[in-house]
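Chain and residue survey
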Amino acid sequence: CHYSRPSPSPSTLLLLLLPSTKPPLPERGLLLLMVLVFLEGSVLPLGAASSPDVTHQANSDNHIVKEAGHNFTKKPFPVLSLDYHHIQAPFEISLWVLLASLMKLGFHLIPRLSGIVPESCLLIVVGLLVGGLIKLAGEQVPPVLDSRLFFLCLLPPIILDAGYFLPIRPFMENLGTILMFAVVGTLWNAFFVGGLLYAVCQIQPGNPSILHQLELLPCLLFGSIISAVDPVAVLAVFEEIHINELLHILVFGESLLNDAVTVVLYHLFEEYAGVGSVTVMDVFLGIISFLVVAVGGVLVGAIYGILAAFTSRFTSHTRVIEPLFVFVYSYMAYLSAEMFHLSGIMSLIACGAVMRPYVEANISHKSHTTIKYFLKMWSSVSETLIFIFLGVATVEGPHNWNWTFVTVTVILCLVARVIGVVGLTYVINKFRIVKLTTKDQFIVAYGGLRGAIAFSLGFLLNKDHFPLRDMFLTAIITVIFFTVFVQGMTIKPLVELLAVKKKQEAKRSINEEIHTQFLDHLLTGIEDICGHYGHHHWKDKLNRFNKKYVKKCLIAGERSKEPQLIAFYHKMEMKQAIELVESGGGVKLPSAMPSAVSMQNIQPKKLPPAKPAERALSNLPKGREEEIRKILRSNLQRTRQRLRSYNRHTLLADPYEDGLGDLLIKKQKMIELERKIKDMNNYLTVPAAPPDSPTMCRARLASDPQAYSMKPEPDSVPTIQVDLASPQSPDSVNLMDEFRRAEQQHEEDQGLMMKPPSGESGPKKPGEEDGSREHKLMRCLSDPGPSADEDEDEPFLP
Amino acid sequence: MGSSNSSVNNIPNAQELMQETGFSAAHILRLHERFEFLDKHKCGQLRLVDRPTNQPQDFGAVQELALNPIGDSIISAFFSPGQETVDFASFVRILAHFRPTDRNQSRDGAQQEPANSSIRKLKFAFQMYDQDRDGKISRAELLQVLRAMLGIQVTEEQLQSIAERAIQEADLDRDDAISFDEFRKSLEKVDIDHKMSIRFLR
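As annotated in an unreviewed UniProt entry, chain A carries the name Sodium/hydrogen exchanger and is attributed to Dicentrarchus labrax. Within the UniProt record for chain A, the comment given under Sequence similarities (unreviewed entry) is "Belongs to the monovalent cation:proton antiporter 1 (CPA1) transporter (TC 2.A.36) family." Regarding chain A, the relevant UniProt record gives this comment under Subcellular location (unreviewed entry): "Basolateral cell membrane".

On a plain count of helices and strands, chain B comes out with 10 helices and 6 strands. Scored against the burial criterion, the 202 residues of chain B give a buried share of 49%. Total accessible area on chain B is roughly 9,900 Å²; 49% of this is exposed by carbon and sulfur atoms.

Take the packing of aromatic side chains next. According to the stated counting rule, one finds 26 aromatic pairs over all chains in the structure shown. Summarising the aromatic geometry, the rings of A:W96 and A:F389 are spaced 5.2 Å apart at their centres and angled 90° between planes, so their arrangement reads as edge-to-face. Here the residue A:W96 occupies a position in helix α4 (residues 84–107), and A:F389 occupies one in helix α16 (residues 365–396), the gap between them amounting to 293 residues. Assigned by exposure class, A:W96 and A:F389 land together as buried. Pairing A:F374 with A:W378 gives two aromatic rings, centres 5.2 Å apart and planes at 65°, and the pair type is edge-to-face. One end of the pair, A:F374, and the other, A:W378, are both in helix α16, 4 residues apart, so they sit about a helical turn from each other. The class for A:F374 is partly exposed, based on a relative accessible area of 34%. Chaining the aromatic ring pairs together yields one cluster made of A:F518, B:F126, B:Y129, B:F180 and B:F183.

Looking now at the interface of chain B and chain A. Counting from both sides, the interface comprises 60 residues of chain B and, opposite them, 62 residues of chain A. In total, chain B and chain A occlude about 5,900 Å² of area from one another, counting both sides; carbon and sulfur atoms represent 63% of this. Contact with chain A buries surface across chain B, with B:E157, B:R165 and B:K195 losing the most and accounting together for 13% of the total. Along the contact surface separating chain B from chain A lie 1 salt bridge. A:D520 is the partner of B:K195 in a salt bridge, and the nearest nitrogen-oxygen pair spans 2.7 Å.

Moving on, we get to the side chain of B:D171. All names here are of chain B. Relative to the helices and strands, D171 resides in the loop between α8 (156–170) and β6 (178–179). Put simply, D171 is tucked away with no salt bridge, and the nearest opposite charge, on R174, sits 5.7 Å away. Engagement of the side chain of D171 in a polar contact is seen with the backbone nitrogen of D175, the distance being 3.1 Å. Among all residues touching D171, those that are not within four sequence positions of it are D176, A177 and E182.

Counting 147 residues, the largest nonpolar core has A:W96, A:F150, A:L155, A:F238, A:F405 and A:F455 as the members making the most contacts within it. With 15 residues, helix α12 (residues 245–275) of chain A is the single largest residue contributor to this core. The contact partners of A:F150, leaving out residues within four places of it in the chain, are A:L145, A:L155, A:P156, A:I386, A:A452, A:I453 and A:S456. Counting residues in each nonpolar core, the second largest holds 72 residues, with A:L565, B:L17, B:V62 and B:L95 among its members.

This part is about unusual backbone geometry. Of note, the phi angle at A:H242 is positive, near 50°, even though the residue is not glycine. Structurally, the position occupied by A:H242 is in the loop between α11 (231–241) and α12. You will see that B:R174, though not glycine, has its phi angle at about 60°, which is positive.

Let us now look at a nonpolar patch on the surface. Residues and elements named next belong to chain A. On the surface, a nonpolar cluster with roughly 410 Å² of combined accessible area is contributed by W188, I411, L414, V415 and I419. Broken down by element, the nonpolar patch gets its largest block of residues, 4 residues, from helix α17 (residues 403–428). As for its position among the elements, V415 is in helix α17. Overall, the relative accessible area of 35% leaves V415 in the partly exposed class.

Residue and element names in this part refer to chain A. Following both chains from N to C, one finds helix α6 (residues 119–136) and α16 inclined at 45°, their axes separated by 7 Å at the closest point. When the axis of α6 is compared with that of α16, the two are oblique. Judged by the twist between their axes, the crossing of α6 over α16 is right-handed. Facing S120, L123, I124, V126, G127, L128, V130, G131, G132 and K135 of α6, the residues of α16 in contact are T384, F387, I388, L390, G391, V392, T394, V395 and E396.

Reading the values: rules and limits
Residues numbered from 1 in each chain as written. Chains lettered and ligands numbered in written order. Predicted model: local features only at pLDDT ≥ 70, side-chain atom pairs only at ≥ 80, totals over all residues. Heavy atoms only, no water. UniProt positions renumbered as here; feature names shortened; annotations may be inferred. Helix = DSSP H or I, 4+ residues; strand = E, 2+ residues; numbered from the N terminus. Buried < 20%, exposed > 50% of the residue type's maximum accessible area, 1.4 Å probe, protein only. Areas by Shrake-Rupley, 256 points an atom, 1.4 Å probe, with all protein chains shown as cover. Phe/Tyr/Trp six-rings, centres within 6.5 Å; stacked < 30°, edge-to-face > 60°. Contact = heavy atoms within 4.5 Å. Buried area = accessible area lost by both parts, 1.4 Å probe. Salt bridge = Lys/Arg side-chain N within 4 Å of Asp/Glu carboxyl O. Lys, Arg positive; Asp, Glu negative; His and termini not counted. Polar contact = N/O pair within 3.5 Å; in protein donor to acceptor, adjacent residues only side chain to side chain. Core = buried A, V, L, I, M, F, W, Y, C linked by side-chain atoms within 4.5 Å. Patch = residues over 30% accessible without salt bridge, like charges linked within 9 Å, V, L, I, M, F, W, Y side chains within 5 Å. Axes fitted to C-alpha atoms, helices over the stretch in contact; angles between N-to-C directions. Parallel < 35°, antiparallel > 145°, perpendicular 65-115°, else oblique. Left-handed = near helix turned anticlockwise from the far one by under 90°.

Below is the structure:
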């Protein structure tokens, strides 16, 4: 019986990590929970391991007894029995996921540690601990980093998350550079490391060692496995250091695109390692294979992406399964590519990047939020699991430590990377407008982290063909540990030391958008005048093609004709509206409506004043008003609190911090407006809503006591007259109505179309106009997740 | 395309132009060829409009400009205010704005800012907005640009609100117009050197 042997208490280990000051009560509860999970995880399998026969026997006994029917020995009915095997697999998976998630929570309780050590390192350490515990308990360590599990389940979410939110513009602008690094750089690394390793192994003919068994091709294979920069590791480390966009996209893009090279090299060398020689023909075929793998992967992804976009066009009636299409199509793209041995990663990236602009134009706001949160959640969990599993797999082995091999590998990897980056940059800089400086080169070289992909590829190797597989694995693990720990930990202080440009605040202003579009047109024009078919020319052509044919096909309804600037502007207004609503405003207004809703009625100061009102403000009984105000305030506050609790993969910047400037502008407008309203009380119309209608809620929305104190603004502030209900529309939009109507389905009928509202002069269709306004509000207000995520604002092909 | 003008010396003031703008001889030659292609009447100048019909004349040869929303503004940017013709030197000077910036260029203080510096590039773009050259982009001018870019797809109201918002965001000194500094500030996140450079003009 194994469970009599005590396992070292995990709680003692955890206590070692605790700071000297005791954590507050809830955090202690969390730690206790983690301890319990540990214990449960270790005890239960042990319990099951020691008593399976008993239960199994009992079951079979019972069955036999029942079938026989005659020699009945009546046993007491089992009230409670332990049947672990029944649920073993899903249970263990859930336990691992739970452990991973609790770890993530736990790290942020120890702020000092998470500041110095990147999360990936901590997770590997946890994995080592867990592996050690399992081993100490005498159990067989499960082969957690099984290659199939890794490539089919753990890797896709991370890559999809990366691909879906890939910033297209910097990626495309630097595509040449990225490809150079990915293709040429990886090839260089592979051959350099493999070749020199072989050479090193062959020296010392005097004392024959195990290394002399190593032939050239296995060395090259090893080189190709170890040379690929790993996207998971890069993401994990670079996310925390917030370097500027250019460097991020260079290293990250490289890690994604080198998959094609790795796949080809791996298969090529693996095939021929048995044979022992590679001919020129094979090399030639290898090059062709590379093109097929890369382009094929991208094509497969693009096809699935277009299918997904097309499907999303018709989902206006079944909004709830919209996110599913995105996920399933992407996963199928990955699997299809893997089926043909094409590059699954590139296909996934292509699928996500292609489908995104069209899908986002078609789906509802809620679905958009769902997709984003799910992707972030899955990729986060996946990443955590991968690092933990790396730790566990390290403990398990199988290991074959060879000092020479391992140290030479590590050194060669570093050297190869540095030489590769410097050499390539020299060539690349001849073609770049904005050159890469030495600092940039250093970061690119230093950021070449290896990770779990290398390990999994090594794991896949057949022991018969590669007798030195264990040695390879040990070396791979050492390199991974070295890059993740040493490089991962030191990159942050180095970035500070070298004063590398950091990521800039992402808020894109409408000005920037207007001017960049203007400049795009300008440059295209100048190129045409020069007669030069350059970068801008082709981009312009692609945009035109996109607008003319593709958008019509893939985007439902009216939104296919919406110009980019308008879409951007809508989005911005919507965000502001949400922020304003959630912060509770701060100004008392009879009808404080975010400008998004009544966008078409916004008149700048200089235009003629609003039309005369039809009805005066209705009066609510005071008590009722207070009640409604309280309800609203509490709802909004709860939303606010929910929003504040995200941290790492955070999609939302606190609206207080981020939108403060905008909010202040809005509030100034509101104050001005209020003043004007006081003067001209025949200004705004309020419809004949029932007395306890939320019409007044809207008004009192802003009555949050923590209103900002505004300095009195001079009259020169351009004010916005918010004319809520122009005479033509019989019913203005009610906030609470929207919340109520969230349950109803009728808003789904029209889909969420953002029709460009017909002008004042044109024939008005009040119902439709209302519908579209309501839908706009619906889209923005019915879910609590506005995001200041810059990626959202990236227009497709800007 | 070996024509009789295969030597850069045939082009008047070529050396000065090269000095001033930083273009190489090959570029000057190429631009000259282009200039001659546009100059249908071989008068050594490009004309803005064809007097009788008021259609854009020489620049009309560039068909893609007709599709460009701000094509007219671009064409008129080549002509100094009030002028109706542009000669080769001015043509080259305007295009010099779009050369990629030489970061390591050293110049003495007395020399004027080179045409392809960031500031000059921005100034060029600014002047395309600011048609009346009063140093500020007024709301009307911004609206004009927006109208050109967005065309018939949006309503007047939407244009107004966008323009309103844009001015509100950028206008720091609250004079209801965007000055050059404010313009520059709103574009500080954009890499102008990259954005406003045409690679082949290096």
